[in-house]
Amino acid sequence: MFCAASQKVYGACIYLRCVSFNGTVSLSLVTAKSRVAPLGDLEKKRKQISIPRLELSSALTGAHLYEKVVQSHKIAVQPYFWIDSIIVSVGSQRLRLVGTFSWPEIQHITRGGILNHIAGLDNPADVLSRGMDPHQLKDFQMWWQGPPWLRLDKTLWPTTANINQEDIDPLLLEERTTVSAPAQVIEPSTIFNLRSSLQDLVRIVSLARRFVHNCRNTSDRRVGLVRLEEREAALHQLLILAQRESFPEDLVTLRKNGEVKPTSRLKQLCPRLVNGLILVGGRLRNANISAGRKHRIVLDNQHPLSILVADYYHKKALHAGQQLLIASIRERYWPIAARSFTRKVIHRCVKCFRARPKSSEQLMADLPAERVNPAPPFLCVEVDYCGPFYIQNPYRKGGPIKCFVAVSSGGRCRPHNTSLCRGVEKICLPAK
């Protein structure tokens, strides 16, 4: 098998070499296949395919062609594979970086064969890659009968020279250096796991802040019940801590440039930084509503504080459904991926799970004999009444007349008929 490639076309051809009893060698072209090289597209930012990739594609095409020939002829032969590309003929493991999965597939298909390198002038597959006029091709013996040296002894065939793999230019191989850098993940603070209720957590933080304040200001001590201002300050501090753990890069970018990066997941929210908190921007600046509803606080749906907030509003709305829960949370907060987030919160609620038991489905009884055995259509007729209805009295001074509708149906072919009845004492069935 011979392979070759150029910037426009790549392909492969297969020859069969037979040796007779008297030592006569005959060569014949079995099959050949060529493909047009992919074109680059500047609009889609797709570069033109490089020569090493095209040479590897030609080798893969030849391997598939060889597999089909072996399966169709079912003969035992010693395969030889020739290519004029040094990169492919060396068979380096560095080819994995060029062709991704092509090189292992080539090795699997051509196992047991011998891969060698030849010069371009001795490669008949150059006719596929470079092209040739028909009047020249019909007299080109190397294409129809293979290279002349194939008729010689195998010891006189060209072999692959010893090439040091380190001498191959990495740019020619298009090697990609893989850099693995561990992502910096900030674990949520343990303070969010102290309580399973938002109100209890805010109360604990409020008391801790009061203790710190009383230690620093002995003359202005805070005593008594926790005031609303203290609870709001504690909640504000918890939100700042949660956003530092969830959006560390966005906070730095907002403080520095006033906007987030184009690749940030908060880009569509037009976020703004107010009092240390990331708020949703939006276009409601001139709306006659409160500032908290104009610019809501951004929450990460994976943070423990967001789950506490959703649980609080879920219980406050008396275990509301998904739509009502989202509307309640968005009065002050804006959780990321709100629909899937609230669905998980409702699913993990025990009371909501118990309030939605699955109804048991009872098996239907067997059909009666009149329904399943063959018989004339109206041998068995079923009648049912619906109503009452009131119709207008034909007499001027009479009141409305009470009546019913008799619905009759056949037991087997299911024909339906309706008739008006003045009362339930009489069955009015039309004779049809």
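Bear in mind the structure is a predicted one, so any value in this text is a computation, not a measurement. Starting from 1, residues in each chain are numbered consecutively following that chain's sequence as written. For this predicted model, a pLDDT threshold of at least 70 governs which residues receive local features, and a threshold of 80 or more governs which side-chain atom pairs are given and counted, while totals over whole chains, interfaces and linings are taken from all residues. Note that water and hydrogens are dropped before the side-chain values are worked out from all heavy atoms of the structure.

**Looking at the environment of proline 271**
- Labels follow the DSSP assignment, with helices taken as runs of H or I lasting at least four residues and strands as runs of E lasting at least two, numbered in each case from the N terminus. Relative to the helices and strands, proline 271 resides in the loop between helix H11 (248-257) and strand E6 (272-274).
- The sequence separation of proline 271 and glutamate 259 amounts to twelve residues, and the corresponding C-alpha distance is 7.0 Å.
- Apart from the residues lying within four places of it in its own chain, the contact partners of proline 271 are Leu254, Val260, Leu266, Ile278, Leu279 and Gly281. Whether two residues are in contact is decided by their heavy atoms, any of which lying within 4.5 Å being enough.

**Details of the nonpolar core**
- Within the largest apolar cluster, 28 residues are counted, with the highest numbers of intra-cluster contacts made by Leu198, Leu238, Leu239, Leu305, Val309 and Tyr333.
- When residues of this core are traced back to their parent elements, those giving at least two are helix H9 (198-216), helix H10 (228-246), strand E7 (277-279), strand E8 (297-299), helix H13 (304-316), helix H14 (322-329) and helix H15 (338-347).
- The dominant element in this core, judged by the number of residues it contributes, is H10, at six residues.
- Among all residues touching leucine 305, those that are not within four sequence positions of it are Phe192, Leu198, Leu238, Leu239 and Ala242.
- Met1, Leu56, Leu60 and Val69 belong to the second largest nonpolar core, which has 16 residues in total. Note on terminology: a nonpolar core comprises buried Ala, Val, Leu, Ile, Met, Phe, Trp, Tyr and Cys residues joined through side-chain atoms within 4.5 Å. Remark: exposure states derive from per-residue accessible area (1.4 Å probe, protein chains only) relative to the maximum for the residue type, with buried under 20%, exposed over 50%, and partly exposed in between.

**Thoughts on unusual backbone geometry**
- Despite not being glycine, asparagine 275 shows a phi value in the positive range, around 55°.
- Unusually for a residue other than glycine, alanine 337 sits at a positive phi of about 55°.
- With respect to the helices and strands, alanine 337 occurs in the loop between strand E9 (333-335) and H15.
- Given the relative accessible area of 40%, alanine 337 is considered partly exposed.

**Some remarks on a nonpolar patch on the surface**
- Patch definition: residues with relative accessible area over 30% and no salt bridge; like charges joined within 9 Å; nonpolar side chains (Val, Leu, Ile, Met, Phe, Trp, Tyr) joined within 5 Å. To be clear on the numbers: accessible area is Shrake-Rupley with a 1.4 Å probe, and residue cover counts the displayed protein chains and nothing else. Basic side-chain nitrogens of Lys or Arg form a salt bridge, by our definition, when they fall within 4 Å of a carboxyl oxygen of Asp or Glu. Taken together, the side chains of Leu16, Val30, Ile75 and Val77 make up a nonpolar region of the molecular surface, amounting to roughly 280 Å² of accessible area.
- By secondary structure assignment, the location of valine 30 is in strand E3 (residues 25-36).

**Topic: H14**
- Turning to H14, its buried residues number three or more, namely Leu325, Ile326, Ser328 and Ile329. Along H14, the residues classed as buried sweep out an arc of 165° about the axis, all on the same side.
- Residues of H14 that are buried in the fold lie against H13, E9 and H15. The arc in question is the one spanned by the directions pointing from the helix axis to the C-beta atoms.

**A few points about the state of the cysteines**
- The term disulfide is used for any two cysteine sulfur atoms that are within 2.5 Å. This model, assessed by the stated rule, comprises zero disulfides.
- Cysteine 349 forms no disulfide, and the closest cysteine sulfur to it belongs to cysteine 352, at a distance of 3.5 Å.
- Residue cysteine 349 is classed as buried on the basis of its relative accessible area of 12%.

**Quick notes on the packing of aromatic side chains**
- The pairing test for Phe, Tyr and Trp rings, Trp by its six-membered ring, is centres within 6.5 Å, and the orientation test on the planes gives stacked under 30 degrees, edge-to-face over 60, and tilted for anything in between. As enumerated under the stated definition, the model contains twelve aromatic pairs in all.
- Aromatic side chains tyrosine 80 and tryptophan 157 sit 5.1 Å apart centroid to centroid with 80° between the ring planes, which places their arrangement in the edge-to-face category. With tyrosine 80 in strand E4 (residues 80-83) and tryptophan 157 in the loop between helix H7 (141-145) and helix H8 (170-173), the pair connects residues that are 77 residues apart, well separated along the chain. Summarising the burial analysis for this pair, tyrosine 80 and tryptophan 157 share the class buried.
- Seen in terms of ring centroids, tyrosine 313 and tyrosine 333 are 6.2 Å apart; in terms of plane orientation they differ by 75°. Their pairing is edge-to-face. Taken together, the residues span a long stretch of sequence, with tyrosine 313 in helix H13 and tyrosine 333 in strand E9 at a distance of 20 residues.
- Using a relative accessible area of 11% as the deciding quantity, one classes tyrosine 313 as buried.
- The exposure class of tyrosine 333 is buried, given its relative accessible area of 2%.

**Overview of the pattern of salt bridges**
- Under the criterion given, the structure shown has six salt bridges.
- Between arginine 332 and glutamate 232 there is a salt bridge; the shortest N-O distance is 3.1 Å. Of this pair, arginine 332 sits in the loop between H14 and E9 while glutamate 232 sits in helix H10, and the two are 100 residues apart along the sequence.
- Residue classification places glutamate 232 among the partly exposed positions, given a relative accessible area of 36%.
- Among the salt bridges present, the one from arginine 348 reaches aspartate 311, with a minimum N-O distance of 3.0 Å. In this pair, arginine 348 sits in the loop between H15 and helix H16 (350-354) while aspartate 311 sits in helix H13, placing the two residues 37 residues apart along the sequence.

**Considering the sheet that holds strand E10 (residues 381-391)**
- Spatial ordering of the open sheet is given by E10-E11-E12, a layout of three strands whose pairing is antiparallel. The open sheet is flanked by E10 and strand E12 (416-421), the only strands paired with a single partner. Each strand axis lies, on average, 20° off the axis of its neighbour in the sheet, ignoring direction.
- In short, DSSP must find at least two bridges between two strands for them to pair. Note: strand E11 (residues 401-410) against E12, six bridges, orientation antiparallel. The partner of serine 409 across the bridge, within E12, is histidine 416. Only the contacting stretch of a helix is used when fitting its axis, a line to C-alpha atoms as for every element, and angles between N-to-C directions run 0 to 180 degrees.

**Overview of the sheet that holds strand E2 (residues 9-19)**
- Read across the sheet, five strands follow the order E3-E2-E1-E4-E5 without closing on themselves; strand pairing throughout is mixed. Only two strands of the sheet have a single neighbouring strand rather than two, namely E3 and strand E5 (114-117). Adjacent strand axes in the sheet meet at a mean angle of 20°, parallel and antiparallel pairs treated alike.
- Bridge analysis of E4 against E5 gives four bridges, and the strand direction is parallel. Following the sheet pairing, isoleucine 83 is matched in E5 by histidine 117.
- The sheet contacts of helix H1 (residues 51-73) involve strand E1 (2-5), E2, E3 and E4, and relative to E2 the element is tilted by about 40°.

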